[in-house]
Amino acid sequence: GEIEMKVGDNIRNIHTDKDYTIISIDNISDGNNNVIVYEIANEKFDYHRVSSKYIHHYQLILEEE
């Protein structure tokens, strides 16, 4: 199923092992399709925009209780 990701969540790229925080989530429509775009940034303030098509390359980092 779809992973529910929200602003403020910490996520990790499963290929690079780099961690990012979700800064904003935009719902963009091109008239036919709705695409969710996640804006993410790391601690060096490198920003990336990841669409819902590619978000499966990231996993949620679950905080240890």
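Since we're looking at a predicted model, the values are computed, not measured. (Residues numbered from 1 in each chain as written. Predicted model: local features only at pLDDT ≥ 70, side-chain atom pairs only at ≥ 80, totals over all residues. Heavy atoms only, no water.)

**Quick word on the side chain of D9**
Working step 1: Position of D9 relative to the elements: it lies in the segment before β1 (10-13).
Working step 2: Engagement of the side chain of D9 in a polar contact is seen with the backbone nitrogen of K6, the distance being 2.9 Å. (Helix = DSSP H or I, 4+ residues; strand = E, 2+ residues; numbered from the N terminus. Polar contact = N/O pair within 3.5 Å; in protein donor to acceptor, adjacent residues only side chain to side chain.)

**Some words on the pairing of strand β2 (residues 19-29)**
Working step 1: Sheet topology places β1 next to β2; three bridges connect them, and they run antiparallel. Paired with R12 across the two strands is D19, which belongs to β2.
Working step 2: Once β1 ends, the chain turns through five residues before running back antiparallel as β2, passing D17 with a positive phi of about 65°.
Working step 3: Direction of pairing for β2 relative to strand β3 (residues 34-41): antiparallel, over a ladder of eight bridges. By the bridge assignment for β3, S29 is matched with N34.
Working step 4: Two successive antiparallel strands, β2 and β3, enclose a turn made up of four residues, where G31 displays a positive phi of approximately 100°. (Pairing = 2+ DSSP bridges.)

**Digging into the packing of aromatic side chains**
Working step 1: A complete count under the given rule lists one aromatic pair for this structure.
Working step 2: Considering the side-chain rings of Y20 and Y58, the 6.0 Å spacing of their centres and the 75° angle between planes classify their relative orientation as edge-to-face. On the criterion of sequence distance, the pair formed by Y20 in strand β2 and Y58 in strand β5 (residues 58-60) is long-range, its members being 38 residues apart. Pair check on accessibility: Y20 and Y58 agree, each one buried. (Phe/Tyr/Trp six-rings, centres within 6.5 Å; stacked < 30°, edge-to-face > 60°. Buried < 20%, exposed > 50% of the residue type's maximum accessible area, 1.4 Å probe, protein only.)

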